[in-house]
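Fold and contact review
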Amino acid sequence: MTSTWTYLMTKPRFAFDSARLFASRRGWLWLALPVLATLVWAVQGGVQDPKLDTTDTQLLLKGQYLFQFAKGNDWPEASKSGPFVVAVHGKPALVEELATKYASHPIGSQPLRVVTVEDPSAVGKPHVLYSEASGSDLAALLEAVKDAPTLVVTFGQEALVAGATVNLFGSDRQLRYEINARDAEKRGILIGNRIASWAVQR
Amino acid sequence: MVLTWVLAFGMEAKGQGAAGTGDVQVAVERAIALGKSGQFSEGLALLAPYLSAPTPATAKACYVAGFLHKERFKQNAANADRTEAVSWLGTSLELDDRGGGRAPWGESARQAMSYLGGTYFDDAVLAVRAFEPGDETGILELFDAHVAVARRLNPGLDASTERTEFHKNIARAYHHWYSTTGEEAHFEGVVTHYERAVALSPQDITATYNLAVSIYNRGVALLKSFGVETSFGEMIAMQEKSAAFFEQALPWFEHANELQPKRPETLRGLMIVHHSLQDNAASEAFRVQLENALKP
């Protein structure tokens, strides 16, 4: 340090200029802190802004509701053999949600099978039929499962449609449901207590 | 490091900017000489008798003490030395101000202060980069120390933008932790620091939007946790809880939209949050706005 000091004493001008440069750098720092902060952290690895989760939350809820309806209600004895079929009309994303998350879990002793339905004539007699159709499309579906032990679940109807057992709808910022108890009874489906108790009356 | 030392004292070694008279001046000159040879502690010991009751006559002694502490801090990175350095340099400048602010070492003292303030800032940034939950108090203390020094040099300084950036980056760090741990406390850290950023800078769209997204995502995460083991009662409770997060997020999305209308990210957020709140009509309205905003 001493030898450097001695050397620098012979170069005071140089030392002075270096220090001014240093001072200037700090002076710039005060003025440019917002920019500096952004730049410093922009290159910071691994820590980023949160990304909006664009998962369809209505789909998650519908999938969970259908699974709960399958688990929580009781079907006639004649429907308790073979796979437990949940048919979804015109909603491939919901089929995928159900198949991915729930299809590995049996309903009672029945393996859960999730199927897509496009043509009402090919609906068969699923345990649960879900559709967001309205008008003539819905009417055709309802006609196809008329009198079958099928829990028919619609979505977003103004009121329960004749022939539909459950209607899911948005209310008070949540997805809720109403039940047509008479339709369930006609189809021989016993609505579970918990499901019945959380149903909304409109 | 040596350059700074040389500059600070080299041209004053023959008595420019006299520290006073008699013993004080001798002590100061000897302390400078000791400092030049790296004997900072010895220099400080020499000055100690003159620092107990600083007066304008001992201003230079305070300055030299601050400088010696600063040099020792550079050598050993001891925070106590940095604190002492800032304190004595500040005192020296205050005393000099009382005397008219004409000391030839004044600029050097301000440069030393500026350097020390910069180290507080740098340390705060490094602490954010190596963040662990609970570090925020220490980080903000470093930032406050940085601001205190900056304000000594520039009393009119408004540090709210910088503080906002710190809160945003602490929030980001908490988000990083929360993504890994899923712990509620880490989520609270995200929200708390984005809220503080928005409180400091209400026009900051990044903080506003990120706050909205963080809260919204928390609600989505609840619904994503649905599974075969979820009971009916749990499902109902989780839906209510998630809806509460969506409702909490909505005003922040709306505020972000007020700050910067037609911003696609915000319009997408509004479309999605309304969808999650089962308001499909409002969601559709924002979908149309988003489509228009994305048109070339």
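For clarity, every value in this text was computed on a predicted model and none was experimentally measured.

The rules behind these values
- Residues numbered from 1 in each chain as written.
- Chains lettered and ligands numbered in written order.
- Predicted model: local features only at pLDDT ≥ 70, side-chain atom pairs only at ≥ 80, totals over all residues.
- Heavy atoms only, no water.
- Helix = DSSP H or I, 4+ residues; strand = E, 2+ residues; numbered from the N terminus.
- Buried < 20%, exposed > 50% of the residue type's maximum accessible area, 1.4 Å probe, protein only.
- Contact = heavy atoms within 4.5 Å.
- pLDDT = per-residue confidence, 0-100.
- Core = buried A, V, L, I, M, F, W, Y, C linked by side-chain atoms within 4.5 Å.
- Domains from an automatic or database assignment.
- Salt bridge = Lys/Arg side-chain N within 4 Å of Asp/Glu carboxyl O.

Residue and element names in this part refer to chain A. Inspection of the secondary structure assignment puts Lys62 in helix H4 (residues 57-72). For Lys62, a relative accessible area of 3% corresponds to the buried category. Each C-alpha atom, one on Lys62 and one on Val161, is 19 Å from the other, the two residues being 99 residues apart in sequence. Beyond its immediate chain neighbours, meaning those up to four positions away, Lys62 contacts Lys91, Leu94, Tyr130, Glu132, Phe155, Leu168 and Leu175.

The subject of this paragraph is the confidence of the model for chain B. Averaged over chain B, the pLDDT score is 92; the fraction of residues at 70 or greater is 93%. At the level of chain-chain contacts, confidence expressed as ipTM amounts to 0.84, with global pTM at 0.83.

Our focus in this paragraph is the nonpolar core. Ranked by size, the top nonpolar core spans 122 residues in total, and within it Phe69 and Tyr177 of chain A together with Phe253 of chain B carry the most contacts. Residue contributions to this core peak at 11 residues, all from helix H10 (residues 205-224) of chain B. Residue assignment places this core across two domains, with domain 1 (5-153) and domain 2 (203-293) of chain B each supplying three or more. Contacts of Phe69 of chain A, omitting those with residues within four sequence positions, involve Trp75, Leu151, Val153, Val166, Leu168, Tyr177 and Ile195 of chain A. If you look at the next biggest cluster of nonpolar residues, it comprises 12 residues, including Ala87, Leu129, Ala133 and Leu142 of chain A.

How big an interface is tends to be expressed through the accessible area that disappears when the partners come together. By the assigned domains, chain B splits into domain 1 (5-153) and domain 2 (203-293). Computed from C-alpha atoms alone, the centre-to-centre distance between domain 1 of chain B and domain 2 of chain B is 52 Å.

What follows deals with the pattern of salt bridges. Within the structure shown, the criterion is met by 25 salt bridges over all chains. One network of salt bridges, with partners in common, ties together Lys62, Lys91 and Glu132 of chain A.

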